[in-house]
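Chain residues, written in single-letter form:
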Amino acid sequence: MNRRLYIYIGVPLFVLLSCSSALESLFGQASVLVVASMLIVVAWGVVWMRLYRRNAHPELAVLMILPFATYYIVHQTGSPVFSTYPSWANLYALSWAAFVAVGIYSLLPDRGSNEKTPSWRRDPVFLLMLPLIVIFSLSCFVNYYSALTAG
């Protein structure tokens, strides 16, 4: 999968996954886990195809969906694991750090055979998406962690 198609499909998927309250109001409390699970599987597939195309460890794609899957499972089951055991917050923060690392790695420019392929330092798409991924993950972590510890 080329990078443009990856961005066009991946960005709306991850933004949709980050809108948990909108998904709950749209699909209801009972079926939001099913809808989120389908979106998570599609997002995993998109990231996997991008990493496979780059010959870059496609098994790391699971790290992109891990924080979302954790949130939806813990939130929908009503588990008090984050409020009872605060040490799990460290692992949750590490899962968001892994999301950032794999997201940045998957957005690196393709290695082309021609010399006109820019390096990551001169690639405008990568330089635009880099702070967006970091800000998105920080925002999601703060919002999701506060939602998980509130109950």
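Residues numbered from 1 in each chain as written. Predicted model: local features only at pLDDT ≥ 70, side-chain atom pairs only at ≥ 80, totals over all residues. Heavy atoms only, no water.

J.: Even after reading the chapter, I still don't get the environment of Arg54, so can you show me in this structure?
T.: Tracing the backbone shows Arg54 in the loop between helix H2 (20-53) and helix H3 (62-77). When its relative accessible area of 8% is taken as the criterion, Arg54 is described as buried. For the pair Arg54 and Met1, spaced 53 residues apart in sequence, the C-alpha separation works out to 8.5 Å. The contact partners of Arg54, leaving out residues within four places of it in the chain, are Tyr105, Ser106, Leu108, Pro109, Asp110 and Arg111. (Helix = DSSP H or I, 4+ residues; strand = E, 2+ residues; numbered from the N terminus. Buried < 20%, exposed > 50% of the residue type's maximum accessible area, 1.4 Å probe, protein only. Contact = heavy atoms within 4.5 Å.)

J.: Please clarify how the packing of H3 against helix H5 (residues 88-106) should be interpreted in this entry.
T.: For any two helices packed against each other, the geometry comes down to the angle between their axes and how far apart the axes lie. In contact at an axis separation of 7 Å, H3 and H5 are set at 145 degrees when each is read in the N-to-C sense. Two packed elements cross with a definite hand, and for H3 against H5 that hand is left-handed. For the pair formed by H3 and H5, the contact residues are Leu63, Met64, Leu66, Pro67, Phe68, Thr70 and Tyr71 on the first element and Tyr92, Ser95, Trp96, Ala98, Phe99, Val102 and Gly103 on the second. Among the residues forming the contact of H3 with H5, the class breakdown is 11 nonpolar, 3 polar and no charged. (Axes fitted to C-alpha atoms, helices over the stretch in contact; angles between N-to-C directions. Left-handed = near helix turned anticlockwise from the far one by under 90°. Nonpolar A, V, L, I, M, F, W, Y, C, P; charged D, E, K, R; others polar.)

J.: How should the confidence of the model for the chain be read in this particular structure?
T.: Parts of the model with low pLDDT should not have their predicted coordinates read in detail. Looking at the chain as a whole, its pLDDT mean stands at 89, while 94% of the residues score no less than 70. Ranking the helices and strands of the chain by mean pLDDT puts helix H1 (residues 3-18) first, with 95, and helix H4 (residues 81-84) last, with 81. (pLDDT = per-residue confidence, 0-100.)

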